[in-house]
Amino acid sequence: MKIELIKGDITKIHADAIVNAANSSLLGGGGVDGAIHRAGGSKILEECRVIRNRQGKCKTGEAVVTTAGSLPAKHVIHTVGPVWNDNPEKSSQLLSECYKNSLLLAESLGVKTIAFPNISTGIYKFPKELAGKIAVNEVRKFSSDIIEKVIFVCFDDENENIYKKLLDQPFKKE
Ligand code: AR6
């Protein structure tokens, strides 16, 4: 899989799927979640409601898919990142699961290009450097015959610099 870094607004990205840093209610919020619902229109929330009614809240680390409404993407994959708290190991594990489960769901949809925001590094206060390491590592170790390109979309300078550095480093398999 090719990995690209873009600085900007994920709602503008032309990809088969963009990932939303949602919360477990799936009913919208601030940050990138708010931006996606505002730009994509009410169809996204309607489908989130259907999912809520069918399977209840979305657990941290899990992912679900809806239409992308009027966004240039085809699908929105909603994943729930962990809130940074006093259990860094558990939070790190859950953040890895967000990336992995989003990629697995994307594969099952035949997605060729997928864009990720920097999950949990805003309102959920996950340290950006550690979150970047987890994101890059999880994507690099995911091998796929279906997904061709993963785009990391950084909204702020700090995340952009962190990702630039991480992506310049060679990948070492554990
Ligand atoms: N495009 C790309 N990235 C963005 C955009 C955008 N339009 N807007 C913000 N970011 P956050 P979280 C970046 O807070 O920490 C919501 O209320 C932002 O700079 O959106 O996972 C949800 O409903 C940051 O680097 O998500 C949840 O309740 C990254 O996206 C809660 O926030 C994630 O920041 C989730 O918190």
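For the chain, the name recorded in an unreviewed UniProt entry is O-acetyl-ADP-ribose deacetylase, with Chryseobacterium artocarpi as its organism.

### Description of the UniProt feature "domain: Macro" (unreviewed entry) in the chain
Per the UniProt record, "domain: Macro" (unreviewed entry) is found at residues 1-171. Taken end to end, residues 1-171 comprises 41% helix and 19% strand; its first and last C-alpha atoms sit 13 Å apart.

### Focus: helix α2 (residues 42-55)
Residues lying three or four places apart along an α-helix face the same way, a consequence of the helix completing one turn every 3.6 residues. Along its 14 residues, α2 runs 20 Å from first to last C-alpha, staying within 8% of the 20 Å computed at 1.5 Å per residue. For α2, the set of buried residues is Ile44, Cys48 and Ile51. Mapping the buried residues of α2 onto a view down its axis gives an arc of 60 degrees, with all of them on the same face. The outward face of α2, more than 90 degrees from its buried face, is lined by the exposed residues Ser42, Asn53 and Arg54. Looking at the buried residues of α2, the elements they touch are α1 (31-40), β3 (63-67) and β4 (75-80). Gly56, located one to two residues past α2, shows a positive phi value of around 80 degrees.

### Describing the site of the ligand
Close to the ligand lie 22 residues, the nearest being Asn23, Gly30, Val32, Asp33 and Ile123. In the complex, the protein chains occlude 91% of the 700 Å² of accessible area that the ligand would expose alone. Listed by contribution, the elements that provide at least two residues to the shell around the ligand are β2 (17-22) and α1. In the shell around the ligand, the residues fall into eight nonpolar, 11 polar and three charged.

### Things to note about unusual backbone geometry
In this structure, Leu26 takes a positive phi of about 65 degrees despite not being glycine. Among the secondary structure elements, Leu26 is positioned in the loop between β2 and α1. The class of Leu26 is buried, set by a relative accessible area of 2%. If you check the backbone angles, Lys125 has positive phi at about 60 degrees while not being a glycine. Take Lys125: its relative accessible area is 62%, and that puts it in the exposed class.

### Here's the deal with the pattern of salt bridges
Two side chains bearing opposite charge may form a pair once their charged atoms approach each other closely. Tallied over the entire structure, the rule returns nine salt bridges. One salt bridge in this structure joins Asp157 and Lys7, with 2.8 Å as the shortest N-O distance. In this pair, Asp157 sits in helix α5 (residues 157-168) while Lys7 sits in strand β1 (residues 2-7), placing the two residues 150 residues apart along the sequence. Given the relative accessible area of 40%, Lys7 is considered partly exposed.

Cut-offs applied
- Residues numbered from 1 in each chain as written.
- Predicted model: local features only at pLDDT ≥ 70, side-chain atom pairs only at ≥ 80, totals over all residues.
- Heavy atoms only, no water.
- UniProt positions renumbered as here; feature names shortened; annotations may be inferred.
- Helix = DSSP H or I, 4+ residues; strand = E, 2+ residues; numbered from the N terminus.
- Expected span 1.5 Å × (residues − 1).
- Buried < 20%, exposed > 50% of the residue type's maximum accessible area, 1.4 Å probe, protein only.
- Arc of directions from axis to C-beta.
- Contact = heavy atoms within 4.5 Å.
- Near = heavy atom within 4 Å.
- Areas by Shrake-Rupley, 256 points an atom, 1.4 Å probe, with all protein chains shown as cover.
- Nonpolar A, V, L, I, M, F, W, Y, C, P; charged D, E, K, R; others polar.
- Salt bridge = Lys/Arg side-chain N within 4 Å of Asp/Glu carboxyl O.

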